[in-house]
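# Results of the structural survey
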Amino acid sequence: DQLGPTVCVGEILVEIVATTVGNGFMEAQPLVGPFASGAPAIFISQCGRLGGSAAMIGAVGADDFGRVNLERLKGDGVDISAISIDPDYPTGSAFVRYRKDGSRDFVYNIATSAAARFGWSEGVSNLIGRAGHLHVMGSALSVPSACEVIDKAVDIVKARGGTLSVDPNIRKELKLDEATEQRFAQLVAKADLLLPSGEELERAAGVEGETSAIRRLFEIGVKEIVLKRGADGATYYSREGERVDAPAFIVSEIDPTGAGDCFGGAYLTCRRLGMSATDALIYAAAAGARNVTVVGPMEGAGTREQLDAFIAATERRS
Ligand code: ATP
Ligand code: MG
């Protein structure tokens, strides 16, 4: 952590959640929100809450939805100096309703919101010049201005001895255009830590089968992999062939959104604070599990004290 803060780049949103289970938004219905959201923002919130030095790059509108996010992140101890406030576009948003089978209906406003309108600025340049770690979500690569920031930032952070983590966050079926696909592959190859979930592992490796995918990723340069498996836990793999399985904590899931981001933010922060992979995995699993017990994408992100209490009080699967 000595080298400088963990920096995350990407979309900042509010989420508004239907309070009933069912299909879509075609009738007037009760909603709850706005909650601060956006996968990169959830990740960095968890970093800050856990006591890691953390900073965010992105944009919000000059509206209450933007202020909800800025105040939330600031309150978590996150440096918000490189979050710009767009004078013309509203803060990004996602309306979400869960269906009976656990799948979700969304109404998004991201591409045409402030969330997608940020670029290389003086504030961003100052922050990246003192960053110790960069975290990138694959989903940010569909935003051209985010790509510009990420490309420059990766080189600068790596050149000053910093590290990179990548959460592919790209569904297996999702086809990217050639240039984005190449950029994604290059980012993966440069990752000191890769945090795929489920079949994103094979997607990132371009190879079928878990063992083959892991082998290929280490061949192309990845240093450490933690595979997330939802309620089935997570697994750490090292280049040296070490494997550590982390069983999930037993909780009742209220709102699964944000589990992977809290897990990743906690894991990375603990590693940067000097913990072993085994210990970091326990905090990460606790952070993911605790977050699904609370409504709102990052409302359950825990502080060190809250996660210690959660770990002491909660059974784990065997
Ligand atoms: P996201 O939907 O945020 O993208 P993800 O697919 O990236 O999530 P998951 O594997 O769903 O990530 O969750 C990350 C970690 O959080 C899991 O490895 C597990 O440790 C914990 N976790 C997630 N869901 C549950 C659950 N229902 N019960 C217990 N732990 C959970
Ligand atoms: Mg994920």
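Values in this document were obtained by computation on a predicted structure and should not be read as measured data.

### Overview of the site of ligand 1
Around ligand 1 sit 20 residues in total, of which Ser 197, Lys 228, Gly 230, Gly 233 and Glu 253 are the nearest. In the model, an oxygen atom of ligand 1 is placed 3.5 Å from a nitrogen or oxygen of the Gly 258 main chain. Ala 259 is positioned with one of its backbone polar atoms (N or O) 3.4 Å from an oxygen atom of ligand 1. Considering ligand 1 on its own, with 630 Å² of exposed area, one finds that the protein chains cover 86% of that surface. Contributions of two or more residues to the shell around ligand 1 are made by helix H8 (259–272) and helix H9 (277–291). Per element, the largest residue contribution to the shell around ligand 1 is four residues, and it comes from H8. For the shell around ligand 1, the residue count by class is nine nonpolar, seven polar and four charged.

### Examining helix H2 (residues 64–75)
Helix length check: H2, at 12 residues, gives a terminal C-alpha distance of 16 Å against a target of 16 Å (1.5 Å per residue), a fit within 8%. Here the buried face of H2 lies against strand E2 (13–18), strand E3 (31–37), helix H1 (39–49), strand E4 (54–61), strand E5 (78–79) and strand E6 (83–86). Of the residues one or two after H2, Gly 77 is the one with positive phi, at around 90 degrees.

### Topic: the pairing of strand E12 (residues 224–228)
Counting buried positions over the five residues of E12 gives five, a clear majority of the element. Two elements, strand E11 (residues 193–194) and E12, share two bridges in a ladder whose sense is parallel. Bridge assignment links Leu 193 to a residue of E12, and that residue is Glu 224. As paired strands, E12 and strand E13 (residues 234–238) are joined by five bridges and run antiparallel to one another. Note on E13: the bridge partner recorded for Val 226 is Tyr 236. Linkage of E12 to E13, two consecutive antiparallel strands, is achieved through a turn of five residues, within which Gly 230 is found at a positive phi near 55 degrees.

### Things to note about the layout of surface pockets
There is about 200 Å³ of room inside the second largest pocket. Of all the elements in the fold, those that place two or more residues in the lining of the second largest pocket are strand E10 (163–167) and H8. With four residues, H8 is the single largest residue contributor to the lining of the second largest pocket. Looking at the lining of the second largest pocket residue by residue, the classes come out as five nonpolar, five polar and four charged.

What counts, and at which threshold
Residues numbered from 1 in each chain as written. Chains lettered and ligands numbered in written order. Predicted model: local features only at pLDDT ≥ 70, side-chain atom pairs only at ≥ 80, totals over all residues. Heavy atoms only, no water. Near = heavy atom within 4 Å. Polar contact = N/O pair within 3.5 Å; in protein donor to acceptor, adjacent residues only side chain to side chain. Areas by Shrake-Rupley, 256 points an atom, 1.4 Å probe, with all protein chains shown as cover. Helix = DSSP H or I, 4+ residues; strand = E, 2+ residues; numbered from the N terminus. Nonpolar A, V, L, I, M, F, W, Y, C, P; charged D, E, K, R; others polar. Expected span 1.5 Å × (residues − 1). Contact = heavy atoms within 4.5 Å. Buried < 20%, exposed > 50% of the residue type's maximum accessible area, 1.4 Å probe, protein only. Pairing = 2+ DSSP bridges. 1 Å grid on protein atoms, 1.4 Å probe; cavity = no way out; pocket = protein on both sides within 12 Å on 5 of 7 lines; lining within 4 Å. Points joined across faces, edges and corners; volume = space filled by probe spheres on them.

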